[in-house]
Amino acid sequence: MASLSKIAPAFDWPHYFEIQGAPGVAKLNVAQPEFMKAVQTEVSTESVEALRGYLRLHFLTAAAPYLAHPLEQADFDFYSTTLRGVPAMPPRWKTCTRGVDRDLGEALGQEFVKRTFSADTKAKTQLMTEQIETAMKQEIENLDWMSPATKQEALRKLHVIRNKIGYPDQWRDYTTLEIKPDDYVGNVVRSYRFEDARQWHKLGKPVDLNEWGMTPPTVNAYFNPQMNDINFPAGVLQPPLYDTKLDDAPNYGNTGATIGHELTHAFDDEGRQFDDKGNLRDWWTPADAKGFEDRINCIRDQYAQYIVVDDIHINSKLTSGEDVADLGGTLLAYIAWKKQTAAQQLASVDGFTSDQRFFVGMAQWACENERPEVLRVRAITDPHSPGYARINGVVSNMPEFQKAFSCKAGQPMVHAPTCRVW
Ligand SMILES: [Zn+2]
């Protein structure tokens, strides 16, 4: 606290923490010291009137989507239409559903899980996750660029990763959050305050390992390095991603590759910074880092060739961490799927072999249709490549794909050299 007050003395930090309900904070992590230096410059040089205007602008911008229609529309026109090319507001039910998910996600989630996520789906996707972890174990043991000591660290970390599938074991309690049927913006403000208070309440207490950073209906997944857990909400385990009516080939190709993707993040240039307990400790050696860097450069060169929109190429220095996870994740899913189906006679379906169906399933997670405006925003802000590159870039590095579809050297779907990290 003393150092923070030294970097940015124009801001009364002890008072700030006190009014947040967290008096007496002595130790904190200033994650962005340069930002705090800039705050100091602005606060000490700008007039009070200018600072008030700035705060007023941000307050109104944050509130606009929940105010009267003209304000909501003006906010949408700029942030969605001008910046992202969205021509019209979504229907009201979508706005409402999103709002409830954002502010009461684990209340909505209970109903969502009841209706859409059976015990059988949970058991199957849990098993798939364990199989992919077993594949990861083999891959780590066989890596040629990771030193033996680092492999031991990696395996220890892998061994204690927690798999959180579907929904939290204990649901969040919203009883202190007041929702009024005739006060939309008030509900949103109270929800923000509720969430703020929930976050501040964590101070000085042990980490809640049960906590989820996504709500159960969310169509997304993540690995959290500070918790050392992978999280797959029920929302991402639904058709057309995971389909209980389909067999293993498309499901392992699709959801399995996503599970594998998240898992590799525990061991890559992000995951190296956090140990098996989630503490900030780099467990790679400089030689491991160099081995990883040498291999990731292959991917950087490959993806730099892909176009995002018009003449804008992928900034592969930004996306390579995710591109490597895509490739590694698909390899892991393929290994796990082969093991899962080893004893089965896999017949062709709809004219596709089972290997082809694995890759068709994998490709279908990235079905998308994005406007040029949003592609331009993404090209400079999103660490993920556009969907088509996340598929073509991966499979063109996989001999398994080339075999399945009889691709030959020199053809567009065969990348030379074959890039591989995991
Ligand atoms: Zn990722």
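Our structure's up above, just so we're on the same page.
Residues numbered from 1 in each chain as written. Predicted model: local features only at pLDDT ≥ 70, side-chain atom pairs only at ≥ 80, totals over all residues. Heavy atoms only, no water.

Novice: I'd love a proper account of the overall build of the chain, names of residues and values included.
Specialist: On a plain count of helices and strands, the chain comes out with 16 helices and five strands. Here the C-alpha atoms of the chain give a radius of gyration of 24 Å, agreeing with the 22 Å that 2.2 N^0.38 yields for 422 residues. Across its three principal axes, the chain shows a C-alpha extent of roughly 70 × 50 × 50 Å. The long-range share in the chain, meaning contacts at least 24 apart out of those at least 6 apart in sequence, stands at 68%. Of the charged side chains in the chain, 45 are positive and 56 negative; the average position of the first set lies 2 Å away from that of the second. (Helix = DSSP H or I, 4+ residues; strand = E, 2+ residues; numbered from the N terminus. Rg over C-alpha atoms; globule rule 2.2 N^0.38 Å. Contact = heavy atoms within 4.5 Å. Lys, Arg positive; Asp, Glu negative; His and termini not counted. Charge placed at Lys NZ, Arg CZ, Asp CG, Glu CD.)

Novice: I'd like to hear about the state of the cysteines, residue by residue, with values.
Specialist: Going through the model one piece at a time under the given rule, you end up with one disulfide. Its sulfur unpaired, Cys367 is 19 Å from the next cysteine sulfur, which belongs to Cys407. On the basis of relative accessibility, which here comes to 60%, the residue Cys367 falls in the exposed class. Cys407 takes part in no disulfide bond, and the closest cysteine sulfur, belonging to Cys419, lies 16 Å away. (Disulfide = S-S within 2.5 Å. Buried < 20%, exposed > 50% of the residue type's maximum accessible area, 1.4 Å probe, protein only.)

Novice: Go over the environment of Gly213 with me, naming the residues and quoting the values.
Specialist: Mapping Gly213 onto the fold places it in the loop between helix H9 (184-200) and strand E2 (222-224). Taking the C-alpha atoms as reference points, Gly213 and Asp311, 98 residues apart in sequence, are found 36 Å from one another.

Novice: Which residues make up the coordination of the zinc ion, and what values do they have?
Specialist: Note on the zinc ion: its protein donors are His261 (NE2), His265 (NE2) and Glu322 (OE). The metal-donor distances range over 2.0 to 2.1 Å. Mapped onto the sequence, the residues coordinating the zinc ion show the spacing H-x3-H-x56-E. Highlighted residues: His261 in helix H10 (residues 248-264) and Glu322 in helix H12 (residues 316-340), separated in sequence by 61 residues. (Donors = N, O, S within 2.8 Å, 3.2 Å for Na, K, Ca; no water.)

Novice: How would you sum up a nonpolar patch on the surface? Please name residues and give values.
Specialist: On the surface, a cluster of nonpolar side chains totalling about 270 Å² of accessible area is made up of Phe78, Tyr79 and Leu83. By secondary structure assignment, the location of Phe78 is in helix H5 (residues 69-84). (Patch = residues over 30% accessible without salt bridge, like charges linked within 9 Å, V, L, I, M, F, W, Y side chains within 5 Å. Areas by Shrake-Rupley, 256 points an atom, 1.4 Å probe, with all protein chains shown as cover. Salt bridge = Lys/Arg side-chain N within 4 Å of Asp/Glu carboxyl O.)

Novice: Could you give an account of the pattern of salt bridges, with specific residues and numbers?
Specialist: Taken as a whole and assessed by the stated rule, the structure comprises 30 salt bridges. Of the charged contacts in the structure, one is a salt bridge between Glu34 and Lys37, with a shortest N-O distance of 3.1 Å. Highlighted residues: Glu34 and Lys37, both in helix H3 (residues 33-45), separated by three residues, approximately one helical turn. In this structure, Glu293 engages Arg300 in a salt bridge whose closest nitrogen and oxygen atoms are separated by 2.9 Å. By relative accessible area, which is 34% here, Glu293 ends up partly exposed. Exposure remark for Arg300: the relative accessible area of 13% places this residue in the buried category. Look at the salt bridges and you will find they share partners, linking Glu106, Arg172, Glu195, Arg198, Lys202 and Glu211 into a network.

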